[in-house]
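A closer look at the structure
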Amino acid sequence: MSVSLRLKAPVVLPCDPACSVLRDAVVDVDADGRIVHCGPSAAAPELPEGAQLRELTGILVPGLVNTHAHTPMMPLRGLGGDLPLMRWLTEAIWPSEAKMIDRDSYDGMLLGSVEMLRAGVTTSVEMFFHGEHMAQAVLDTGGRVLLTPGILSAPGLERLGTWQQLAEETTRWIDTDGLRFGPGERIELGYGPHSAYTLPPEAIAEISQLARDRGALMHIHVAETLAEDEKQRSEHGSVPQLLEKIGALGGRVLAAHAVHLSDSDIEIFQRYDVAVAHCPNSNAKLASGTARLLDLLGANVRVGLGTDGPASNDDLDVWDEVRLAALLARLDRGDAAALTAPRALLLATRDGAASIGRSDIGSLEPGRWADVVHVDVDSPAFPRGTDAPDVQLLSNLVWSAAASQVTDVWVAGQHVIADHEPTRVDRAKAQAEVRRIADRISS
Ligand SMILES: [Zn+2]
């Protein structure tokens, strides 16, 4: 396929395994929105007539991947902000979610998708309810989502249906529309059994089979806090052991949080290639603990970064997760080299994509979708702009740059953020809708 768009910048970070820094480089995109070439300008093929050339002044990076979120919770931000997980859920969140109506999932997802895109986060893995509204919101902003509609039995949420009904809805959707669909395959579907503490073991076993049969991701909370799964731990040793025992592992499984893992739990994850969505900000805010990131990486467990819901973080900024993941890993080992800046950046890009079983996003390589982010360097965070040597430039990006320096974003080659603002939806209107929902929930 021939090139229809060329993005040219002084620095391109393809996020290959070595985290190479390309100087004066281009990313060529075809009409379908896939990358056909990424490399130094000098070696780039001639640009065909009619192709668009976009010359940028900063750094191009792949869109970041948020591997764990509940984005429609936007109106709930700040509720129960000083409570521990179980009280936060039962006293603040579930009662408020019970007041949310179907359409609220659209408005919350729309504003959250805009927030993420403006921060350079092009893909999120979502667990919430009324998935059809969430998918529509992402199609409207032009983002990308791996949508795993939530399946649980929780007090106050009975109106959503039984776990069997919720699982059946997802199965029907996948069997009707396919696993991936939409322009640029923007939507992928998967299963979101909430956790072992909100579902009986037979539910998780059955849902895991449905997911395996369809090659779908199973996205589940595991070992977030010590208090949540006392019953499962006393009966089965741990939730990973329970999942192994009931035959729920072996397909595409993403364990969110995975804070309280023993060595043998990590071995189970290694054995079944279970991936982890590491959510350091949420885990710190709820005082849940710190996941054993370096032990997981050392065991070759795939790890991505997640923000968790906007009411438990309280933002959707994956750059923050990059920094905190690196800080905590360094503190844990008392070693400032324990997790380097380039390694931390890869967690949010290439590794994040791998953790959700996607080899078509997360890096700027031919064949992958052109999910590309431009970071402006005209800022105190970059004292030498793009002229800094590679190591300093990566340091500036990871330790000092902020989401607010993302100026432009393309998803599947489509320009969805231009000069900080969404090109397809009205940000002020999206904000006003969430305000309206938040007012209704608190009244
Ligand atoms: Zn969560």
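It should be emphasised that the depicted structure is a prediction, and the values quoted were computed from it without experimental measurement. (Residues numbered from 1 in each chain as written. Predicted model: local features only at pLDDT ≥ 70, side-chain atom pairs only at ≥ 80, totals over all residues. Heavy atoms only, no water.)

**As for the overall build of the protein chain**
When helices and strands are counted, the protein chain shows 15 helices and 20 strands. For 443 residues, the compact-globule estimate of 2.2 N^0.38 gives 22 Å, and the protein chain sits close to it at 21 Å. For the protein chain, the C-alpha atoms occupy an extent of roughly 60 × 45 × 40 Å along the three principal directions. Burial analysis of the protein chain (443 residues in total) assigns 60% to the buried set. Both charge centroids of the protein chain, one from 39 positive and one from 61 negative side chains, sit 0 Å from each other. (Helix = DSSP H or I, 4+ residues; strand = E, 2+ residues; numbered from the N terminus. Rg over C-alpha atoms; globule rule 2.2 N^0.38 Å. Buried < 20%, exposed > 50% of the residue type's maximum accessible area, 1.4 Å probe, protein only. Lys, Arg positive; Asp, Glu negative; His and termini not counted. Charge placed at Lys NZ, Arg CZ, Asp CG, Glu CD.)

**Looking at unusual backbone geometry**
Each neighbour pair has its own omega, and for Asn-313 with Asp-314 the value is 5°, a cis peptide bond. By the secondary structure assignment, Asp-314 is in the loop between strand S16 (303-305) and helix H11 (318-333). Of note, Cys-15 is a non-glycine position whose phi angle comes to about 60°, a positive value. Summarising the element assignment, Cys-15 is placed in the loop between strand S1 (3-12) and strand S2 (22-30).

**Looking at the packing of aromatic side chains**
The full count for this structure, using the stated rule, is 2 aromatic pairs. Look at Trp-173 and Phe-181: their rings are 6.3 Å apart centre to centre, the planes differ by 50°, and that puts the pair in the tilted class. For the pair Trp-173 and Phe-181, a shared accessibility class is recorded, and that class is buried. The side chain of Arg-34 reaches across the aromatic face of Trp-369, ending 3.9 Å from its centre. (Phe/Tyr/Trp six-rings, centres within 6.5 Å; stacked < 30°, edge-to-face > 60°. Lys NZ or Arg CZ within 6 Å of the ring centre and 35° of its normal.)

**Quick word on the coordination of the zinc ion**
Distances from the zinc ion to its protein donors, namely His-68 (NE2), His-70 (NE2), His-221 (NE2) and Asp-308 (OD), fall within the range 2.1 to 2.5 Å. If you look at the zinc ion, its 4 donor atoms make angles of 84 to 173° with each other, and the shape they trace is irregular. Here the donor residues for the zinc ion map to a single chain with the spacing H-x1-H-x150-H-x86-D. Of the two residues, His-68 sits in strand S6 (residues 64-69) while His-221 sits in strand S13 (residues 217-222), which places them 153 residues apart along the sequence. Using a relative accessible area of 4% as the deciding quantity, one classes His-221 as buried. (Donors = N, O, S within 2.8 Å, 3.2 Å for Na, K, Ca; no water. Tetrahedral: all angles 85-135°; square planar, octahedral: opposite > 155°, others 65-115°.)

**Some points on the sheet that holds strand S8 (residues 144-147)**
For sheets, the rule is that strands pair by backbone hydrogen bonds, running either parallel or antiparallel. The mixed open sheet is built from 5 strands, whose spatial order is S6-S7-S8-S11-S10. In this open sheet, the two strands that pair with only one neighbour each are S6 and strand S10 (180-181). Bridging between S10 and strand S11 (residues 187-189) involves 2 bridges; their strand directions are antiparallel. Residue Arg-180 lies in a different strand from S11, and its bridge partner there is Glu-188. (Pairing = 2+ DSSP bridges.)

**Considerations on the pattern of salt bridges**
Summed over all chains, the structure comprises 35 salt bridges. Between Asp-371 and Arg-144 there is a salt bridge whose closest N-O contact spans 2.6 Å. Highlighted residues: Asp-371 in the loop between helix H13 (350-355) and strand S17 (372-375) and Arg-144 in strand S8, separated in sequence by 227 residues. Here Arg-144 falls in the buried class, since its relative accessible area comes to 3%. Linking Asp-332 and Arg-333 is a salt bridge whose minimum nitrogen-to-oxygen distance equals 3.4 Å. Arg-333 sits in the partly exposed class, given a relative accessible area of 41%. Among the charged side chains, a salt-bridge network with shared partners connects Arg-180, Glu-188, Arg-252, Arg-358 and Asp-360. (Salt bridge = Lys/Arg side-chain N within 4 Å of Asp/Glu carboxyl O.)

**A look at the pairing of S17**
Alternating residues of S17 divide into Val-372 and His-374 and Val-373 and Val-375, and every residue in both groups is buried. Direction of pairing for strand S5 (residues 59-62) relative to S17: antiparallel, over a ladder of 4 bridges. Considered in S17, the bridge of Leu-60 is made with His-374. In terms of strand pairing, S17 meets strand S18 (residues 406-411) through 4 bridges, oriented antiparallel. In the sheet register, Val-373 faces S18, and the bridge partner there is Val-409.

**Observations regarding the side chain of Gln-232**
Along the chain, the position of Gln-232 falls in helix H6 (residues 230-236). The class of Gln-232 is buried, set by a relative accessible area of 10%.

**Here's the deal with the pairing of S18**
Most of S18 is tucked away: 6 of the 6 residues are buried. Bridge analysis of S18 against strand S19 (residues 414-418) gives 3 bridges, and the strand direction is antiparallel. Residue Val-411 lies in a different strand from S19, and its bridge partner there is Gln-414. Between S18 and S19, which follow one another and run antiparallel, lie 2 residues, and Ala-412 among them has a positive phi close to 50°.

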